[in-house]
Each structure stands twice: as structure tokens, then as C-alpha cells.
Amino acid sequence: MGDTTAGGRPAGTGGSTGADLPAGASGPQLARAVLDAAKARREASAPRRRSAVGGGGDGQRRLRGYSGPGPDPRDPQLLGAVLSRLVKARGWEQPAAEATVFGAWERVVGSEIAQHSRPVKLEDGELTVEARSTAWATQLRLLAGSLLKQIAREVGHNVVRKLHIHGPAAPSWSRGPRRVRGRGPRDTYG
């Protein structure tokens, strides 16, 4: 065997002393002792590395690998939950509530009222609603208080503070580039 040094140590053990190896060890025992000594030298000389889970000193945990059983931030999330966190983080609650007034008008005020009215404009907390007829405009004006409560319950408080309700706009008789001055056709609308 030409793989041993003059002191009887295996070649390649470097500066290890005879105290590292058991006396009279041969074969598998000698191989195990050499591997243990090499492993101990490597651990002693290697610089300390950060834990894979510990992360830096900023308090954030850096997760690696697969998530285990149980909830984990890396697990797939429901789209509605992700959107609600995004809306809250970006401060979009007010614009989202205003959009709900227009997008879900039937759900906000009820199906019967939604069939006979539509929201037109929302500025500075004042909602303009156009009714299908003057009779419905009058009815909605009488229900304005309860409508404000319903809207506040559905989309949040202080989104709509005041209602402006008007009847349908009369059709315009001015078609084309030229017009004749005067009172126009005599008819009542509504």
C-alpha cells in the first residue's frame, strides 16, 4: 500500500497528528476516523453562514424550499383576498366604493328602484340620479333618506352624503347644423 506516509497515517490527511487517529486502526475503522477528522477540520475552518430560514437582522424571515403542511404566505391565495389587500394598501377604498355605486346600482338600491333610475354623476359626495319619469323622480325624492342609508350600508359611510334627483331630460328638437329660434313644439313631457 503506497497510500500511507512514513508515520503510518493515510496520505492526504495533511497536518493531522497521530492523536487524531486511533492507534492500531485499520480498514473501515481507519477510513471512518479519517472522514471524521476531515469533517471536523472543514467545520472548524468554514466561515459561519446564516441560517436558511433565519434571514438577516431586519426581522423578516426568508423562506426557502417548499411550504409544509399548514398555512404559509407562499401558498396560493384567493383572488378576492389578494385584491382587497391591494386596495387597502394603495388607499383605493374611496374610489372602489364610488365605483360600486355605479357598477352594482341594482344591488345597492334594490331591483325595483334600479329599474326606474340610474346614477349619473358622483362628485364630492353628491350623487346625481336620473329617474325614468317625473313621477319616479318625486317618489325617489321622498325616499332620499332611506336611499342614503341603503347606499351607506352597501358601500360605506361618507361615500354619498347628498342625493340630487331629477326626472328625464326632454328630447332635443334641434337636429342638424341650423336652428330656428322660437318656443319649439308645444307639448308636455313626463
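Residues numbered from 1 in each chain as written. Predicted model: local features only at pLDDT ≥ 70, side-chain atom pairs only at ≥ 80, totals over all residues. Heavy atoms only, no water.

1. Things to note about helix α6 (residues 134-142)
So, step 1. Taken residue by residue, α6 has Trp 136, Ala 137 and Leu 140 as its buried positions. Buried residues of α6 fall within an arc of 105° about the axis and therefore sit on the same side. Of the exposed residues in α6, those oriented more than 90 degrees away from the buried face are Ala 135 and Leu 142.
So, step 2. In the core, the buried residues of α6 are packed alongside α5 (111-116), β1 (117-123), β2 (126-131), α7 (144-155) and β3 (162-166). (Buried < 20%, exposed > 50% of the residue type's maximum accessible area, 1.4 Å probe, protein only. Helix = DSSP H or I, 4+ residues; strand = E, 2+ residues; numbered from the N terminus. Arc of directions from axis to C-beta. Contact = heavy atoms within 4.5 Å.)

2. Some details on a nonpolar patch on the surface
So, step 1. On the surface, a nonpolar cluster with roughly 400 Å² of combined accessible area is contributed by Leu 79, Leu 83, Leu 86 and Trp 92.
So, step 2. Relative to the assigned elements, Leu 79 resides in helix α2 (residues 79-90).
So, step 3. Look at Leu 79 and you get exposed, because its relative accessible area is 64%. (Patch = residues over 30% accessible without salt bridge, like charges linked within 9 Å, V, L, I, M, F, W, Y side chains within 5 Å. Areas by Shrake-Rupley, 256 points an atom, 1.4 Å probe, with all protein chains shown as cover. Salt bridge = Lys/Arg side-chain N within 4 Å of Asp/Glu carboxyl O.)

3. Observations regarding the sheet that holds β2
So, step 1. Reading across from one edge, β1-β2-β3 is the order of the 3 strands in this open sheet, with mixed pairing throughout. Among the strands making up the open sheet, the edge pair consists of β1 and β3. Strand-to-strand twist across the sheet, computed as the mean angle between neighbouring axes with direction ignored, equals 25°.
So, step 2. Running at roughly 160° to β1, helix α3 (residues 93-103) makes contact with β1 and β2 of the sheet. (Pairing = 2+ DSSP bridges. Axes fitted to C-alpha atoms, helices over the stretch in contact; angles between N-to-C directions.)

4. Remarks on the nonpolar core
So, step 1. Formed by 22 residues in total, the largest nonpolar core has its most connected members in Leu 127, Ile 151 and Leu 163.
So, step 2. Sort the elements by how many residues they give to this core and α7 lands first, with 4 residues.
So, step 3. With sequence-adjacent residues up to four places away left out, Leu 127 is seen in contact with Val 101, Phe 102, Trp 105, Pro 119, Lys 121, Leu 122, Ile 151, Val 160, Lys 162, Leu 163 and His 164. (Core = buried A, V, L, I, M, F, W, Y, C linked by side-chain atoms within 4.5 Å.)

5. Details of the pattern of salt bridges
So, step 1. Under the counting rule described, the total for this entry stands at 3 salt bridges.
So, step 2. Of the charged contacts in the structure, one is a salt bridge between Arg 32 and Asp 36, with a shortest N-O distance of 3.7 Å. Placement of both Arg 32 and Asp 36 in helix α1 (residues 28-45) is noted, with a separation of 4 residues, approximately one turn of the helix.
So, step 3. Relative accessible area serves as the criterion here: at 40%, Asp 36 is assigned to the partly exposed category.
So, step 4. The residue Glu 154 makes a salt bridge to Arg 107 at a minimum N-O spacing of 3.3 Å. With Glu 154 in helix α7 and Arg 107 in helix α4 (residues 105-109), this pair connects stretches of sequence that are 47 residues apart.
So, step 5. Classification of Glu 154 as partly exposed rests on a relative accessible area of 36%.

6. Some points on the confidence of the model for the protein chain
So, step 1. On average, the protein chain scores 78 in pLDDT, and the residues at 70 or more come to 72%.
So, step 2. Here residues 9-18 is modelled with pLDDT under 50, and outside its nearest four sequence neighbours on either side it reaches 19 contacts, counting other chains as well.
So, step 3. Low pLDDT (under 50) marks residues 52-57, which in the prediction has 9 contacts with non-local residues, meaning those over four places away or in another chain. (pLDDT = per-residue confidence, 0-100.)

7. Some remarks on the pairing of β2
So, step 1. Most of β2 is tucked away, with 5 of its 6 residues classed as buried.
So, step 2. Taken together, the 6 bridges between β1 and β2 define a ladder with antiparallel strand orientation. Across the sheet, the residue bridging to Glu 123 is Glu 126, located in β2.
So, step 3. Taken together, β1 and the strand that follows it, β2, pair antiparallel across an intervening segment of 2 residues, in which Asp 124 is found at a positive phi of about 50°.
So, step 4. In terms of strand pairing, β2 meets β3 through 5 bridges, oriented parallel. If you follow Glu 126 over to β3, its bridge partner there is Lys 162.

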